[in-house]
Amino acid sequence: MLTALSAIERFLMRWTMRLAMTLLVLAACVSLWQVVTRFVFSEPSTWSEVTARSLDIWMVYLGVAVAFRQGALMAVEFVHQRLHGAARILLVAAISGLSLGVLAVIAWAGWEMAGRARFQMLAGVENPFTGEGISIAMVYAAIPVGAVLSMVGVVARAAEEIREVRRTGAADPAPQEIYEV
Amino acid sequence: MTSFMLIVMVALFALSVPIAVAVAAASIGGIAFFTSMPLIVVAQKLMTSIDSFPLMAVPFFILAGNLMEAGGISRRLVDFAKSIVGNVQGGLACSCVLTCMIFASVSGSSVATTFAIGAIIIPAMIQHNYPKDFAAALQATSAELGVVIPPSIPMILYGVSAEVSIGEMFIAGIGPGLLIGGALTLFTYVTCKINGWGKDDREGNLGFLKATERAALALIMPVIIIGGIYRGVFTPTEASVVAVFYAFIIGMFVYRAIGWRDVGPILRKSVLSSAVIMFIIAAAGLFSFLITRAGVPAAIGAWISGAIESPWLFLLAINLFLFVVGMFIETSASIIVLAPILAPVAVHFGIDPVHFGIIMIVNLALGMVTPPFGVNLFAACQVAGLSLEQIIGRLVPFVLVILACLMVITYVPEVPLFFRSLVY
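First, a word on scope: everything that follows refers to the structure included in this document. (Residues numbered from 1 in each chain as written. Chains lettered and ligands numbered in written order. Predicted model: local features only at pLDDT ≥ 70, side-chain atom pairs only at ≥ 80, totals over all residues. Heavy atoms only, no water.)

1. Points about helix α14 (residues 236-254) of chain B
Residue pairs spaced three or four apart in an α-helix point in one direction, given the helix's 3.6 residues per turn.
All names here are of chain B.
Here's step 1: An ideal rise of 1.5 Å per residue puts 27 Å on 19 residues; α14 measures up with 25 Å between its terminal C-alpha atoms.
Here's step 2: Along α14, 15 of the 19 residues are buried, which leaves the element largely enclosed by surrounding structure.
Here's step 3: Once α14 ends, the next one or two residues include R256, with phi positive near 55°. (Helix = DSSP H or I, 4+ residues; strand = E, 2+ residues; numbered from the N terminus. Expected span 1.5 Å × (residues − 1). Buried < 20%, exposed > 50% of the residue type's maximum accessible area, 1.4 Å probe, protein only.)

Given below as structure tokens:
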């Protein structure tokens with residue numbers, strides 16, 4: 001059961017990351033198109049800015065889910081690094097519980113907001129297939145989707161960390177890579 | 001409501017709760033317990049705070065920085081710097097500072113600067129018999145220039161949070177960047193003279209013309225980016241997009257240091273870094289909406305101006321406060337959270353918000369070099385193979401040099417504002 005859950009979680013996170021990476025590339029390409037149309041053709045495209053911003057928002061909220069999973073979110077690690085054993089497990093559980101609560105509120109509010117905004121259209125873009133407008137709800141949806149995926153990430157990360165602490169006392173499965181700028 | 005939110009936020013920071021979660025939790029608590037607003041405002045602010053064209057420069061500059069770090073331009077820039085300042089005693093150490101200045105003018109991040117330049121210059125300095133701890137301390141400190149010299153991610157964040165022109169912030173960074181670069185070079189040169197380090201630094205340097213030719217494509221980049229922004233041709237966001245594609249093409253097809261295989265990890269790292277920062281911005285947008293609505297910046301302003309009379313003392317107090325904050329909280333996060341609160345107070349004291357932004361950035365970026373949480377320090381130690389304790393002693397004089405520069409920047413507004421007055 002646990003193995004199956006963890007396999008699903010890994011699959012989910014892998015594809016969330018791939019999607020976010022693709023969105024970053026797309027946002028960059030669309031923004032380049034904007035620069036090209038403005039400087040080379042002197043006729044700035046009308047759809048590219050709002051499209052790039054929307055891609056960016058989706059990229060961020062999907063990326064946040066993986067960041068929760070990797071423990072990559074910035075925090076003041078002072079207390080966390082100095083606790084061992086049961087105290088550490090308690091702290092990890094408390095932080096994860098709080099994160100889950102906050103994410104649940106965000107997911108719910110995002111869902112409600114997307115519902116309310118479904119008849120508002122993004123200015124300047126239309127659906128290339130139907131020629132109709134695109135609803136702002138499509139952009140707002142990034143928030144509940146990202147928040148729910150983040151909740152999966154929080155639980156998986158907490159399980160992994162608690163297992164590590166039980167096994168070694170204090171080891172930190174934190175990424176060695178540095179994500180700060 | 002405000003004190004509740006501030007206390008909850010700081011308490012959660014202290015308990016190692018991720019910054020974005022702590023800020024969001026404090027805001028949600030504030031809304032639920034003290035206002036009649038519907039919680040739906042949470043989602044609205046989480047979206048509108050990051051739905052901004054200027055902010056898109058952040059992920060793009062992060063991506064460009066990661067591409068440049070991997071793209072083989074750092075070695076060419078080091079050779080170029082060595083051909084200029086490398087022919088004196090201690091020249092290799094001095095070229096560390098100069099290379100960081102040049103790299104800073106294409107990259108907006110000090111961590112990318114540390115890894116890109118440190119990976120080349122620290123081993124070279126060790127080979128030339130410089131003490132390891134000196135090399136690491138010098139690199140960690142010089143990398144601060146990465147966020148002081150434009151383009152700069154923290155300046156974009158300040159510009160957006162404090163509603164100041166990002167272009168003006170960029171230009172105002174030039175003077176302080178030159179000052180800090182000059183001071184570090186001078187200090188390094190004198191230290192090397194006194195200790196007799198780097199006597200054979202002249203050996204193996206390329207001639208100036210040859211080095212310039214090899215680094216030409218990398219050197220054109222700041223001309224495009226900074227020149228484009230100054231002349232008003234590009235917005236910072238457009239410049240960041242151009243930087244992404246320029247770095248990609250040079251690294252992939254000209255210098256051939258990046259392969260298709262490397263693209264995945266570069267994108268992955270960029271997505272994570274961007275998401276982490278943008279999520280804090282989103283949460284801080286909600287937070288600052290609430291406290292601004294409650295009139296907190298004005299109240300803090302009134303309180304501070306009641307307690308402190310002169311702008312001179314205010315700046316001193318702020319610098320002390322930021323120095324302590326910088327030791328514990330990462331530069332970008334502190335700017336996002338503090339700029340909307342402090343910038344109006346500074347304006348209240350008659351301080352130019354651009355000048356104030358530069359003070360915040362120089363000061364908080366120093367936090368990346370000071371323990372216990374100095375990302376640059378970790379990065380430089382990682383490259384040099386040292387532990388944090390081994391480098392502290394060497395670090396102190398470097399930090400003092402930056403602090404001296406910070407005082408000049410704080411009390412001589414012309415240092416940041418001179419170049420701006422030329423352009424705007």
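2. Brief notes about the nonpolar core
All names here are of chain B.
Here's step 1: Ranked by size, the top nonpolar core spans 219 residues in total, and within it Y158, F314 and F356 carry the most contacts.
Here's step 2: With 19 residues, the top contributor of residues to this core is helix α15 (residues 260-293).
Here's step 3: Residues in contact with F314, not counting those within four places in the same chain, are I304, I308, V345, A346, F349, I351 and F356.
Here's step 4: Ranked by size, the runner-up nonpolar core spans five residues in total, among them V111, F115, M368 and V375. (Core = buried A, V, L, I, M, F, W, Y, C linked by side-chain atoms within 4.5 Å. Contact = heavy atoms within 4.5 Å.)

3. What to know about unusual backbone geometry
All names here are of chain B.
Here's step 1: Going from P150 to P151, the amide bond is cis rather than trans, its omega being -5°.
Here's step 2: With respect to the secondary-structure elements, P151 resides in the loop between α9 (145-148) and α10 (153-162).
Here's step 3: Unusually for a residue other than glycine, E163 sits at a positive phi of about 55°.
Here's step 4: When you line up the elements, E163 lands in the loop between α10 and α11 (166-172).

4. Section: the packing of aromatic side chains
Here's step 1: Using the criterion set out here, one finds 18 aromatic pairs over all chains in the structure.
Here's step 2: When the ring of F11 of chain A is compared with that of W15 of chain A, the centres are 6.5 Å apart and the planes differ by 50°; the resulting orientation is tilted. In this pair, F11 of chain A and W15 of chain A both sit in helix α1 (residues 2-39), four residues apart, roughly one turn of the helix.
Here's step 3: A relative accessible area of 48% places F11 of chain A in the partly exposed class.
Here's step 4: For the ring pair F418 of chain B and F419 of chain B, a centre distance of 5.5 Å and an interplane angle of 75° mean the geometry is edge-to-face.
Here's step 5: Given a relative accessible area of 45%, F418 of chain B falls into the partly exposed group.
Here's step 6: Members of the aromatic cluster, each reached through a chain of ring pairs, are Y130, F134, F187, W197 and F398 of chain B. (Phe/Tyr/Trp six-rings, centres within 6.5 Å; stacked < 30°, edge-to-face > 60°.)

5. Things to note about helix α18 (residues 331-348) of chain B
Residues and elements named next belong to chain B.
Here's step 1: The end-to-end C-alpha distance of α18, which contains 18 residues, comes to 24 Å, matching closely the 26 Å that a straight helix rising 1.5 Å per residue would cover.
Here's step 2: At A339, α18 shows its maximal bend, which comes to roughly 55°, and the proline P340 appears one to four places after that position.
Here's step 3: A large share of α18 lies buried, amounting to 15 of its 18 residues.
Here's step 4: For α18, the side-chain oxygen to backbone nitrogen distance between the N-cap and S332 is 3.0 Å, and the N-cap itself is E330.
Here's step 5: Directly after α18, the chain includes G350, whose backbone phi takes a positive value near 80°. (Bend = angle between axes of the 7 residues up to and from the residue. Polar contact = N/O pair within 3.5 Å; in protein donor to acceptor, adjacent residues only side chain to side chain.)

Remember that the coordinates give geometry; whether it matters functionally is a separate question.
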